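Architecture and fold: a report
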Amino acid sequence: MKKSLEDHAARFDEKAGEYDESNSDEYRACANLVVEHAAPGEDDVVLDLGTGTGAIALALAPDADRVVGRDISEGMMEEAERKADEEGLENLEFDYGTFREPEYDGPVDVVTSNFAMHHLSDDEKREAIDVIAALEPRKFVLGDVMFFGEPDSDAPFYSPEVDDPATVGALADAFTDAGFSLTAVERVHDQVGVLVAERSPTAADADADAEGEVGDPGDDPAADA
């Protein structure tokens with residue numbers, strides 16, 4: 001990360017009030033795709049990392065059981081809370097948290113993030129994806145600045161002084177190494193896209209299923225004796 005968490009938080013605190021109006025068409029397209037792919041069920045808990053002013057969290061709240069938003073900017077989360085109050089949404093919770101330390105240890109079914117992870121270095125992105133995988137969500141939907149090819153240095157979509165986007169390949173490798181499988185890749189712009197990663201069945205899951213089948217009295221001849 002090229003700036004400290006405190007630097008980033010202060011920068012976003014300063015722009016919180018006008019953030020929604022300043023967003024690009026690519027940002028909005030990504031946000032719509034993240035919401036579409038997240039598609040939580042009524043019993044699902046969603047963890048929205050880098051929640052900002054709540055664009056994703058508020059859109060998903062009506063369909064989810066609960067949405068937990070985490071961010072480093074108090075100003076941005078105050079905007080999110082204000083909008084939630086205006087919309088009468090009561091199943092949201094906003095608090096401080098980072099990608100690598102989300103400060104959340106409850107159940108989570110779907111993890112979302114839009115235009116936030118690109119502030120981390122590639123190694124830090126890997127650490128973050130490992131942390132998220134440990135929460136055992138079934139799905140992680142990431143909308144972000146990312147490179148589908150060689151970025152145009154004369155027309156970067158990102159700000160080199162504060163941003164550090166990864167290639168789609170590097171992100172795909174990080175997801176795969178953490179036990180996810182990419183199930184969708186949406187290209188919004190040469191430097192912007194949405195990735196949908198879902199958890200692959202683990203050996204532990206397979207063992208648990210096998211034990212359940214062996215232990216089913218309906219399959220045990222002795223149980224019928």
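One can find the structure itself at the top, above this paragraph.
Below is a summary of the structure that appears in this document. (Residues numbered from 1 in each chain as written. Predicted model: local features only at pLDDT ≥ 70, side-chain atom pairs only at ≥ 80, totals over all residues. Heavy atoms only, no water.)

**A word on the pattern of salt bridges**
Summed over the entire model, instances satisfying the criterion amount to 10 salt bridges. A salt bridge links R100 to E127; the shortest N-O distance between them is 3.2 Å. Taken together, the residues span a long stretch of sequence, with R100 in the loop between β3 (92-96) and β4 (110-114) and E127 in helix α6 (residues 122-134) at a distance of 27 residues. Residue class for R100 comes out partly exposed when judged on its relative accessible area of 32%. A salt bridge links R126 to D177; the shortest N-O distance between them is 2.9 Å. In this pair, R126 is assigned in helix α6 and D177 in helix α7 (residues 168-177), connecting sequence segments 51 residues apart. Judged by relative accessible area, R126 falls into the partly exposed class, the value being 31%. Residue classification places D177 among the exposed positions, given a relative accessible area of 56%. Connected via shared salt-bridge partners are R66, R70 and E93. (Salt bridge = Lys/Arg side-chain N within 4 Å of Asp/Glu carboxyl O. Helix = DSSP H or I, 4+ residues; strand = E, 2+ residues; numbered from the N terminus. Buried < 20%, exposed > 50% of the residue type's maximum accessible area, 1.4 Å probe, protein only.)

**A closer look at unusual backbone geometry**
The backbone phi angle of E103 is positive, close to 55°, even though this residue is not glycine. Within the secondary structure, E103 sits in the loop between β3 and β4. Of note in this structure, E136 is not a glycine but carries a positive phi near 60°. Examined against the element boundaries, E136 turns out to sit in the loop between α6 and β5 (139-147). Of the residues examined, E136 reaches a relative accessible area of 52% and is grouped as exposed.

**Things to note about α6**
In this model α6 runs 19 Å from its N-terminal to its C-terminal C-alpha over 13 residues, within 8% of the 18 Å that 1.5 Å per residue would give. Residues E124, K125, A128, I129, I132 and A133 constitute the buried set of α6. Tucked into the core, α6 has its buried residues touching β1 (45-49), β4, β5, β6 (166-167), α7 and β7 (180-189). Within two residues after α6, E136 carries a phi angle of roughly 60°, on the positive side. (Expected span 1.5 Å × (residues − 1). Contact = heavy atoms within 4.5 Å.)

**Quick word on the packing of aromatic side chains**
Scanning the entire structure with this criterion turns up three aromatic pairs. Plain terms: the ring middles of Y27 and F115 are 5.1 Å apart, the flat faces sit at 75° to each other, and that makes the pair edge-to-face. With Y27 in helix α3 (residues 25-38) and F115 in the loop between β4 and α6, the pair connects residues that are 88 residues apart, well separated along the chain. A relative accessible area of 8% means that Y27 is categorised as buried. Measuring from centroid to centroid gives 5.8 Å for F175 and F180, while their planes differ by 90°, and the two rings are edge-to-face. F180 gets classed as buried once you look at its relative accessible area, which sits at 2%. Within the aromatic cluster, the residues linked to one another by ring pairs are F140, F175 and F180. (Phe/Tyr/Trp six-rings, centres within 6.5 Å; stacked < 30°, edge-to-face > 60°.)

**Description of the side chain of D71**
Looking at where D71 falls in the secondary structure, it is placed in strand β2 (residues 66-71). Within the structure, D71 has its side chain in polar contact with the backbone nitrogen of S73 (distance 2.9 Å). Beyond its immediate sequence surroundings of up to four residues, D71 is in contact with G50, T51, G52, M77, D95, Y96 and G97. (Polar contact = N/O pair within 3.5 Å; in protein donor to acceptor, adjacent residues only side chain to side chain.)

**Some details on helix α5 (residues 74-87)**
In this model, α5 (14 residues) spans 20 Å end to end at C-alpha, consistent with the 20 Å of a helix rising 1.5 Å per residue. Within the span of α5, buried status applies to G75, M76, M77, E79, A80, K83 and A84. Looking at the residues trailing α5, positive phi occurs at G88, about 70°.

**Here we look at the pairing of β3**
Relative to β3, β2 runs parallel, the two being bridged by five bridges. Bridge pairing links G69 to F94 in β3. At this point the chain moves from β2, through α5, to the parallel β3, and the crossover so formed is right-handed. (Pairing = 2+ DSSP bridges. Right-handed = clockwise from strand over helix to strand, strands pointing away.)

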